[in-house]
Amino acid sequence: MPVEPLSQKDVEDRLRELPGWSLEGDRIAREYRLGTHFAATALVVHIAQIQEELNHHSDLTLGYNTVALSVNTHTAGGAVTEMDFELAHRVEKIAPGHGAG
Ligand SMILES: C[C@H](O)[C@H](O)[C@H]1CNC2=NC(N)=NC(=O)C2=N1
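Anyway, here's the lowdown on the structure attached to this text. Bear in mind the structure is a predicted one, so any value in this text is a computation, not a measurement.

**A word on the sheet that holds strand β1 (residues 22-24)**
Logical step 1: Reading across the sheet, the four strands line up as β1-β2-β4-β3 and stay open at both edges, with antiparallel pairing between neighbours. Where the open sheet ends on each side, the last strands, each with one partner, are β1 and β3 (59-62). Within the sheet, the average angular offset between the axes of one strand and its neighbour, ignoring direction, is 30 degrees.
Logical step 2: When β1 meets strand β2 (residues 27-33), the two strands line up antiparallel, connected through three bridges.

What follows is the structure in structure tokens.
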């Protein structure tokens, strides 16, 4: 997977395919709301598994019933790359199964 920095336009174009995701500073970010604290915690564990598989890791914040992710690519100097969008799409695929909204 290329880890070249994406242009601002590339990032904006790719964000349009990811409802709920946004550019926050130099990272792409999303917050999920779950029904319970335990469901939010389970989603964090599932995301951690995906991140280990991809070897690509976001900053994950667990709230009472929320999970917030923000990510960019360290090896690209903190730029947003395809790896960040790969992670976002993988998380979007599994989040509904956790009841995430
Ligand atoms: C050595 C290890 O492969 C690297 O540090 C991986 C780990 N997880 C990572 N996560 C993110 N977000 N960016 C990286 O460049 C990155 N690199």
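The discussion continues.
**Considerations on the site of the ligand**
Logical step 1: Near the ligand, the surroundings consist of N55, H56, H57, V71, N72, T73, H74 and T75.
Logical step 2: At 2.9 Å from an oxygen atom of the ligand is found a main-chain nitrogen or oxygen belonging to T75.
Logical step 3: Here the ligand loses 65% of its free accessible area of 400 Å² to cover by the protein chains.
Logical step 4: Of the residues contributing to the shell around the ligand, the split by class is one nonpolar, seven polar and no charged.

**Observations concerning the environment of Q51**
Logical step 1: The topology assignment puts Q51 in helix α2 (residues 37-54).
Logical step 2: Sequence separation between Q51 and L15 is 36 residues, and the spatial gap between their C-alpha atoms is 20 Å.
Logical step 3: Not counting the four nearest positions on each side in its chain, Q51 is found in contact with H56, H57, S58, L60 and L87.

**Topic: the nonpolar core**
Logical step 1: If you look at the biggest cluster of nonpolar residues, it comprises 27 residues, and the most contacted ones within it are W21, I28, Y32, L34, L43, V67 and F85.
Logical step 2: When contributions to this core are tallied by element, the ones reaching two or more residues are α1 (8-15), β2, α2, β4 (66-71) and α3 (82-94).
Logical step 3: Among the elements that line this core, the one with the most residues is α2, at seven residues.
Logical step 4: When residues no more than four places from it in sequence are discounted, the contact partners of L43 are Y32, L34, V67, I94, A95, H98 and A100.

Conventions used here
- Residues numbered from 1 in each chain as written.
- Predicted model: local features only at pLDDT ≥ 70, side-chain atom pairs only at ≥ 80, totals over all residues.
- Heavy atoms only, no water.
- Pairing = 2+ DSSP bridges.
- Helix = DSSP H or I, 4+ residues; strand = E, 2+ residues; numbered from the N terminus.
- Axes fitted to C-alpha atoms, helices over the stretch in contact; angles between N-to-C directions.
- Near = heavy atom within 4 Å.
- Polar contact = N/O pair within 3.5 Å; in protein donor to acceptor, adjacent residues only side chain to side chain.
- Areas by Shrake-Rupley, 256 points an atom, 1.4 Å probe, with all protein chains shown as cover.
- Nonpolar A, V, L, I, M, F, W, Y, C, P; charged D, E, K, R; others polar.
- Contact = heavy atoms within 4.5 Å.
- Core = buried A, V, L, I, M, F, W, Y, C linked by side-chain atoms within 4.5 Å.
- Buried < 20%, exposed > 50% of the residue type's maximum accessible area, 1.4 Å probe, protein only.

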